[in-house]
Amino acid sequence: MATVELTKENFDQTVSENPFVLIDFWAGWCRPCLQFAPVYEKAAEANPDLLFTKVDTEAQQELAAAFQITSIPTLMIVRDQVAIFAQPGALPEAALTDLIGQARALDMDEVRAKIAAEAQGDAGTAKDRQAGEAAGEAPGTPEA
């Protein structure tokens, strides 16, 4: 399957309708991006059950900014609408193949549980901070 070009108009729908999406943030002037392109295309051909997409960061600056892309190429993997990987740099073929295997092997129920636990922990930390401030402690004051 050929890669799909993502834009701000089709991004949300594409990611929500596909359970496993790889996103290559790239630009035509970027030499590492151009070197990574055939590796990415080969992986797309080898994994027809996954959706391989590309975001041209020059044409889709809002989308690149929304994901805080500061270095290209950047590869992102989204499973079940959860970004499970994002890292800049052109990967060699073996590393991309290994990464796809690791992403396939993830237990997404475990991932969601971990995210929920971290969110609860962050909320708990914020509540503790608010309670301390209400009691007259300075923000960031260590407990005795």
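Now for a description of the structure that goes with this document. Being a predicted model, the structure only gives us computed values, none of them experimental.

Topic: the environment of M108
- Mapped onto the elements of the fold, M108 is located in helix α5 (residues 108-134).
- Assessed through its relative accessible area of 4%, M108 is described here as buried.
- The spacing of M108 and R79 is 29 residues in sequence and 7.8 Å in space, taken between C-alpha atoms.
- Look past the residues within four positions of M108 in its chain and what remains in contact with it is R79, D80, V82 and I84.

Here we look at the pairing of strand β4 (residues 74-79)
- Across the 6 residues of β4, 6 count as buried, placing the element largely inside the fold.
- Residues of β4 alternate between two faces, with T74, M76 and V78 on one and L75, I77 and R79 on the opposite face, all of them buried.
- As paired elements, strand β2 (residues 20-26) and β4 share 6 bridges and run antiparallel to each other. Note that in β4 the partner of V21 across the bridge is V78.
- Relative to strand β5 (residues 82-88), β4 runs antiparallel, the two being bridged by 6 bridges. Looking at β5, one finds that I77 is bridged to F85.
- Turn length for the β4-β5 hairpin, with the two strands adjacent in sequence and antiparallel, is 2 residues, and the turn residue D80 shows positive phi of about 50 degrees.

Some words on the packing of helix α2 (residues 31-46) against helix α4 (residues 93-105)
- Interaxial distance between α2 and α4 falls to 10 Å at its minimum, and their mutual angle equals 40 degrees. With respect to α4, the element α2 is oriented oblique. Handedness of the α2/α4 crossing: right-handed. The segment α2 lies against α4, with F36, V39, Y40, K42 and A43 engaging E93, L96 and I100.

Looking at the sheet that holds strand β3 (residues 51-56)
- Reading across the sheet, the 5 strands line up as β1-β3-β2-β4-β5 and stay open at both edges, with mixed pairing between neighbours. The open sheet terminates on both sides in strands that have one partner only, identified here as β1 (4-5) and β5.
- In this sheet, β3 lies alongside β1 in parallel orientation, the contact comprising 2 bridges. Within the sheet, the bridge partner assigned to V4 lies in β3 and is T53.
- The sheet strands contacting α2 are β2, β3 and β4, and the helix crosses β3 at an angle near 160 degrees.

The rules behind these values
Residues numbered from 1 in each chain as written. Predicted model: local features only at pLDDT ≥ 70, side-chain atom pairs only at ≥ 80, totals over all residues. Heavy atoms only, no water. Helix = DSSP H or I, 4+ residues; strand = E, 2+ residues; numbered from the N terminus. Buried < 20%, exposed > 50% of the residue type's maximum accessible area, 1.4 Å probe, protein only. Contact = heavy atoms within 4.5 Å. Pairing = 2+ DSSP bridges. Axes fitted to C-alpha atoms, helices over the stretch in contact; angles between N-to-C directions. Parallel < 35°, antiparallel > 145°, perpendicular 65-115°, else oblique. Left-handed = near helix turned anticlockwise from the far one by under 90°.

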